[in-house]
Amino acid sequence: MATQHSRSAARLMMAPAVVLLLGWMLVPLTMTLYFSFRKYLPLRGGDLGWVGFDNYVRFVSSSAFWPSVQATLVIVGGVLFITVVLGVLLAVLLNQPMWGQGIVRILVIAPFFVMPTVSALVWKNMFMDPVNGLLAHLWGMFGAEPLVWLTEASTQSIILIVSWQWLPFATLILLTAIQSLDSEQLEAAEMDGASPVKRFGFITLPHLSRAITVVVLIQTIFLLSIFAEIFVTTQGAFGTKTLTYLIFQRVLESQNIGLGSAGGVYAIILANIVAIFLMRMVGKNLDA
């Protein structure tokens, strides 16, 4: 049992890290809030004074604001659906004894360590190119006309690229959860005559509920700020302009830091709304 002296020593050792972490979060947030109420044009006069909520009104009244929120939610929802469903299936498959199991697991997890910019370039030039891409050649083998992915199916392309990046993360978390499942439950269900589908639906899947909750929450936090993949591929065109990309575009076009800061505050509000919604929807699994 920890004594008062040991607890005090632990707090003292943790204090520098806590202070650094708070500074890392609070300083940018404070500066964002400060500049969101000011007209700050770094290349055209600098700080031009207090404008109140004008930046917020301008940003939210833009015709591109609500479409960008919709595009953000569609991409996040699509990626979550694909990574959770395929992640569960891959985790179940990788949990089965097979030849070269360790190598297969490494290959499945490897895409998670590829930088978003690099993976977007690979998909854009090697897979989705309508002339020389692998998918174009596959389409041609069946006599079909190659699809111009980044213009004709732009949102689906972004979802596919980002899902490829995040699927290893979901698979790793879910595989770890499956390996913690008591095999005696499955053996008992099998002896009672339960089919593989019933064993999966009534034993494996409920056991994975907590892991799925963790996957959804963590991925949502990062996916709401998706930027690199869009910048490399579509540059926000064809309905792929997310809220994060809209903030970048507004700052780049108007050189108005205050306007971009107001957009950043809206992004924070959206992230909190989505997080609260998810916690209410799936948070009960963490308390079960």
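Residues numbered from 1 in each chain as written. Predicted model: local features only at pLDDT ≥ 70, side-chain atom pairs only at ≥ 80, totals over all residues. Heavy atoms only, no water.

With that out of the way, let us pick up the overall build of the chain. Looking only at helices and strands, the chain has 15 helices and two strands in total. Across its three principal axes, the chain shows a C-alpha extent of roughly 75 × 75 × 30 Å. Taking all 288 residues of the chain together, 38% fall into the buried category. By sequence separation, contacts in the chain at least 24 residues apart represent 68% of the contacts at least 6 residues apart. Accessible surface, the chain: about 17100 Å² in total, of which carbon and sulfur atoms supply 71%. When the 15 positive and 13 negative side-chain charges of the chain are each reduced to one mean point, those points stand 14 Å apart. (Helix = DSSP H or I, 4+ residues; strand = E, 2+ residues; numbered from the N terminus. Buried < 20%, exposed > 50% of the residue type's maximum accessible area, 1.4 Å probe, protein only. Contact = heavy atoms within 4.5 Å. Areas by Shrake-Rupley, 256 points an atom, 1.4 Å probe, with all protein chains shown as cover. Lys, Arg positive; Asp, Glu negative; His and termini not counted. Charge placed at Lys NZ, Arg CZ, Asp CG, Glu CD.)

Here we take up helix α1 (residues 4-36). In an α-helix, one full turn covers 3.6 residues, which means residues spaced three or four apart are oriented alike. Across its 33 residues, α1 extends 45 Å between first and last C-alpha, which sits within 8% of the 48 Å expected from 1.5 Å per residue. In the structure, α1 departs most strongly from a straight axis at Ala 15, where the bend amounts to approximately 40° and where the proline Pro 16 lies between one and four residues downstream. (Expected span 1.5 Å × (residues − 1). Bend = angle between axes of the 7 residues up to and from the residue.)

Our next topic: a nonpolar patch on the surface. A cluster of nonpolar side chains, Met 14, Val 18, Leu 21, Leu 22, Trp 24, Met 25, Leu 26, Leu 29, Leu 33 and Ile 268, forms an exposed patch at the surface whose accessible area comes to about 970 Å². If you tally residues by element for the nonpolar patch, the top one is α1, at nine residues. (Patch = residues over 30% accessible without salt bridge, like charges linked within 9 Å, V, L, I, M, F, W, Y side chains within 5 Å. Salt bridge = Lys/Arg side-chain N within 4 Å of Asp/Glu carboxyl O.)

In this section: the packing of helix α5 (residues 116-127) against helix α8 (residues 154-179). Viewed as axis vectors pointing N to C, α5 and α8 meet at an angle of 130°, and their least axial separation amounts to 10 Å. As far as their axial angle goes, α8 and α5 are oblique. For α5 against α8, the interelement crossing comes out right-handed. Contacts from Pro 116, Ser 119, Ala 120 and Trp 123 of α5 reach α8 at Leu 160, Ile 161, Trp 164 and Gln 165. In terms of residue class, the contact of α5 with α8 is built from six nonpolar, two polar and no charged. (Axes fitted to C-alpha atoms, helices over the stretch in contact; angles between N-to-C directions. Parallel < 35°, antiparallel > 145°, perpendicular 65-115°, else oblique. Left-handed = near helix turned anticlockwise from the far one by under 90°. Nonpolar A, V, L, I, M, F, W, Y, C, P; charged D, E, K, R; others polar.)

All right, on to the side chain of Arg 38 then. Locating Arg 38 in the fold gives a position in strand β1 (residues 38-41). Reaching out from Arg 38, the side chain makes a polar contact with the side chain of Tyr 34 at a distance of 3.4 Å. (Polar contact = N/O pair within 3.5 Å; in protein donor to acceptor, adjacent residues only side chain to side chain.)

Summing up the model confidence of the chain, the mean pLDDT is 82 and the portion of residues at 70 or higher is 95%. Mean pLDDT across the secondary structure elements of the chain bottoms out at helix α15 (residues 284-287), with 54, and peaks at helix α3 (residues 65-94), with 91. (pLDDT = per-residue confidence, 0-100.)

Attention shifts here to unusual backbone geometry. The backbone phi angle of Gln 235 is positive, close to 55°, even though this residue is not glycine. Secondary-structure assignment places Gln 235 in the loop between α12 (228-233) and α13 (243-254). The backbone of Phe 238 shows a phi angle near 60°, a positive value even though the residue is not glycine. Topologically, Phe 238 is positioned in the loop between α12 and α13.

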